[in-house]
Amino acid sequence: MPTVAELTAKYFIPDGGVASLTPTSGNYIKPLIHGLNFFAEVEKEIQRLLNRTSSKRYFYMTAWHLGLVSGQELGIAASTPQGTPSGGLITGYTNWNSMPAFAPSGGKTLMEYLIEMHTNGIEVRILPWISPMVLEFGDAAKNAGGIWLFNLHSLVSANKLRQNTAEHVVALNTLAHTFGAMHAKMVICGDEEEEMQNKDLVEPYRNKPFMTAFVSGLDPVENRMLNIWRDIGARIEGVAAGPIYNTFRDWWNELMSPSRPNTPYSFVVTSQQAGEDKPSSQQIVVYTRTTQLQAPTIKNRTAPASLAGYAHHVQVLRTAPQMNFPSTAPTTTKLLPIQRSFLIGSGFYKRPPLSFAPSGLFEVKDALQKAILSANKFIYMEDQMFASADVFKWINQRIKQCIAQNINLKVIFLHGADPTDPPNGYLHEHIQHLVQGLSLAQIQQHISYAVFQGCVVHSKLMIVDDEWMLVGSANNARRSLYTDGEVSISFFDGDTAGLSPVQFTRAQLWSLYSDPMQPVNAMLDPTQVWGMWNISMDPTVLATWGIGVSRRADIHLMDLPFDYDWNPSYSQWQAPKPPYSLQDENAGNADSRLPY
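Residues numbered from 1 in each chain as written. Predicted model: local features only at pLDDT ≥ 70, side-chain atom pairs only at ≥ 80, totals over all residues. Heavy atoms only, no water.

*Asks:* Just to check I follow, could you spell out the overall build of the protein chain for this structure?
*Replies:* In terms of helices and strands, the protein chain carries 15 helices and 23 strands. Counting the 596 residues in the protein chain, one finds 59% classified as buried. Taking the contacts inside the protein chain whose residues are at least 6 apart along the sequence as the reference set, 79% of them involve residues at least 24 apart. Put simply, the protein chain shows about 22500 Å² of open surface, and 52% of that area lies on carbon and sulfur atoms. (Helix = DSSP H or I, 4+ residues; strand = E, 2+ residues; numbered from the N terminus. Buried < 20%, exposed > 50% of the residue type's maximum accessible area, 1.4 Å probe, protein only. Contact = heavy atoms within 4.5 Å. Areas by Shrake-Rupley, 256 points an atom, 1.4 Å probe, with all protein chains shown as cover.)

*Asks:* Is there a simple way to explain the layout of surface pockets in this structure?
*Replies:* Empty pockets left among the atoms are what a rolling probe the size of a water molecule brings to light. Considered as a void within the structure, the second largest pocket measures approximately 470 Å³ in volume. Lining the second largest pocket are 23 residues, with Pro209, Phe210, Met211, Pro304 and Leu307 sitting closest to its centre. Element by element, the count of residues in the lining of the second largest pocket is highest for strand β5 (residues 210–216), at three residues. Here the lining of the second largest pocket is composed, by residue class, of eleven nonpolar, five polar and seven charged. (1 Å grid on protein atoms, 1.4 Å probe; cavity = no way out; pocket = protein on both sides within 12 Å on 5 of 7 lines; lining within 4 Å. Points joined across faces, edges and corners; volume = space filled by probe spheres on them. Nonpolar A, V, L, I, M, F, W, Y, C, P; charged D, E, K, R; others polar.)

*Asks:* Where do I start with the packing of aromatic side chains in this structure?
*Replies:* Aromatic ring pairs are described here by two measures, namely the spacing of the ring centres and the angle between the planes. Under the counting rule described, the total for this entry stands at 28 aromatic pairs. Relative to tyrosine 310, the ring of tyrosine 28 lies with its centre 5.0 Å away and its plane at 50 degrees, an arrangement referred to as tilted. With tyrosine 28 in strand β1 (residues 24–33) and tyrosine 310 in the loop between β9 (280–285) and β10 (312–320), this residue pair connects regions lying 282 residues apart in the sequence. On the accessibility criterion, tyrosine 28 (25% relative accessible area) is partly exposed. Both rings, one in phenylalanine 386 and one in tyrosine 449, keep their centres 6.0 Å apart while their planes meet at 65 degrees; by these two values the pair is edge-to-face. One end of the pair, phenylalanine 386, is in strand β13 (residues 386–387); the other, tyrosine 449, is in strand β15 (residues 447–452), with 63 residues separating them in the sequence. Through a chain of ring-to-ring contacts, the aromatic side chains of Phe378, Tyr380, Phe452, Trp510, Tyr513, Trp530 and Trp533 assemble into a single cluster. Here the basic side chain of arginine 301 rests over the ring of tyrosine 58, its NZ or CZ set 4.0 Å away from the ring centre. Across from the ring centre of tyrosine 482, 3.6 Å away, lies the NZ or CZ of arginine 593, which sits over that ring. (Phe/Tyr/Trp six-rings, centres within 6.5 Å; stacked < 30°, edge-to-face > 60°. Lys NZ or Arg CZ within 6 Å of the ring centre and 35° of its normal.)

*Asks:* Would you mind going over the packing of helix α10 (residues 389–404) against helix α11 (residues 426–435) with me for this structure?
*Replies:* If you want to describe how two helices pack, look at the angle between their axes and the distance between the axes. With their axes 7 Å apart at the nearest point, α10 and α11 run at an angle of 20 degrees to one another. What the angle tells us is that α10 and α11 run roughly parallel. In the crossing of α10 with α11, the sense of the turn from one axis to the other is right-handed. Contact with α10, carried on its side by Ala389, Phe392, Lys393, Ile395 and Asn396, involves Leu427, His430, Ile431, His433, Leu434 and Val435 of α11 and no other residues of that element. The class makeup of the residues in the contact of α10 with α11 is seven nonpolar, three polar and one charged. (Axes fitted to C-alpha atoms, helices over the stretch in contact; angles between N-to-C directions. Parallel < 35°, antiparallel > 145°, perpendicular 65-115°, else oblique. Left-handed = near helix turned anticlockwise from the far one by under 90°.)

*Asks:* What am I meant to see in the packing of helix α2 (residues 35–50) against helix α3 (residues 110–119) here?
*Replies:* Across the interface, α2 lies against α3 with an axial gap of 11 Å and an inter-helix angle of 25 degrees. Viewed along their axes, α2 and α3 adopt a mutual orientation that is roughly parallel. As α2 runs across α3, the sense of the crossing is left-handed. Each of Glu43, Ile46, Gln47, Leu49 and Leu50 in α2 lies in contact with α3, whose residues at this interface are Leu110, Tyr113, Glu116 and Met117. Of the residues assigned to the contact of α2 with α3, the class counts are six nonpolar, one polar and two charged.

*Asks:* What exactly am I supposed to notice about unusual backbone geometry here?
*Replies:* Trans is the common state for peptide bonds, and a negative phi is the common state for residues other than glycine. Positive phi, close to 60 degrees, is recorded for aspartate 465, a residue that is not glycine. Along the polypeptide, aspartate 465 turns up in the loop between β17 (461–464) and β18 (468–472). Even without a glycine there, the phi angle at aspartate 466 is positive, about 60 degrees. Within the secondary structure, aspartate 466 is located in the loop between β17 and β18.

Listed below in structure tokens is the structure:
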């Protein structure tokens with residue numbers, strides 16, 4: 001068995017003196033499959049906070065899409081379609097008006113929990129992403145469809161939360177690159193104070209201080225809880241919760257910094273419900289330091305101590321953009337000269353660098369590259385998109401190295417496209433990097449590409465050699481490695497003699513996809529079940545997963561190289577094969593290192 005030192009050298013990237021990158025030990029990582037499991041753990045932490053009386057409790061959350069209110073409260077037409085770029089993603093509901101407010105377990109809504117925590121003296125801070133395009137050009141942004149509707153949902157949610165708590169509870173995250181997003185999904189909560197109502201209790205029974213963190217691809221939106229939505233996250237306790245806390249603090253405090261642009265955005269939502277004689281409107285003010293109430297900055301807090309008896313080694317990984325803009329007009333994107341000039345003249349276009357990352361942060365990219373080039377047995381990836389030429393190049397490089405060394409490396413991709421990702425040629429273009437220089441026999445020997453039809457595989461997951469796992473918000477996409485604001489963790493179990501959570505989680509996942517569904521202990525040895533990735537799955541097999549939910553397994557294995565003409569993951573579009581354009585990719589799958 002490899003030692004901790006060997007695993008650290010194999011998987012963790014050098015910290016370069018950056019404290020947040022320093023690997024930590026003495027952590028407890030709990031992978032959580034499915035939104036129901038993930039948010040059940042978050043709800044437990046909320047209830048834990050509410051059961052305490054300390055004045056030093058806090059609950060912080062980020063979101064790419066914030067669904068605290070029902071779709072009906074958006075005031076958009078009941079006929080607004082779902083599952084299309086123009087209608088936005090309401091997968092599992094017939095339209096926006098049919099989607100309820102997010103409730104972690106189907107009972108009390110998250111909005112109700114947030115109001116209750118604020119009322120009980122808990123410091124609540126919510127940080128949803130909002131595109132500057134939506135704020136600057138609201139009417140024009142409506143034509144963009146999905147993003148406008150997601151942001152509208154977040155804005156109305158933020159507005160209602162403020163009305164029921166306080167203005168400073170929500171800061172709208174406008175820190176993103178112009179062609180990017182603040183995509184990280186984090187929850188950080190805890191209590192600095194040790195409550196000792198009974199001082200006679202021995203140490204293990206005292207109500208100690210705590211800090212708990214969560215990372216995932218899950219937003220607090222109701223459709224993420226449905227069984228057609230496949231996702232995974234992780235609960236983090238121990239020293240590693242500290243860098244996640246610090247990431248939230250850095251983002252929040254950056255928004256409050258006097259050095260940031262001081263644009264007092266005001267977003268007016270106008271709607272007309274059935275039976276109304278005239279439109280009604282609500283005004284949503286983006287939180288800036290010019291508003292009447294100054295939001296306090298997030299203070300430094302000491303990271304938790306190592307947990308005795310736990311040997312999970314963790315590295316917290318981030319992506320933050322460079323702000324690399326030309327002095328005249330952007331040429332990287334597919335825009336007309338007059339459009340470029342208009343954008344350059346607008347106040348939002350040139351985003352200032354982040355003070356805590358003036359040259360950007362590309363830690364997720366570095367970790368992926370190191371792990372891929374270290375793999376000896378298998379690489380397993382789940383994602384809604386495979387849109388990174390770099391990742392495919394690294395995998396191709398490692399397969400060739402293993403062939404030369406007579407190592408039988410397996411690479412398995414599980415893909416389930418998000419129906420709101422518009423048809424594009426990224427995957428078709430980049431897959432050529434994956435198979436370049438490999439014979440058909442070598443492709444069939446080393447690569448399995450599976451499509452989970454009828455399911456959004458929204459996971460952002462990679463497992464290598466049953467030793468190391470990467471989980472969080474970062475997709476296998478160029479924008480996630482170089483542009484969007486992301487947070488993921490990588491970890492391994494230092495107790496190398498026992499069954500690691502990495503191996504157990506991989507076995508859990510594969511048992512869900514097996515034909516027929518096998519018990520988890522039958523999947524622990526991956527070499528004994530490679531065949532499940534070499535045959536088409538029986539669509540009549542019922543696979544049970546999540547908490548009391550089930551769906552039919554419908555996994556199909558693709559031969560590589562493949563073409564969109566028969567790729568079922570895009571058949572739902574009923575559209576011709578989308579052509580690849582580098583300019584389109586630069587706009588939709590942006591690389592912040594380029595001069596936009």
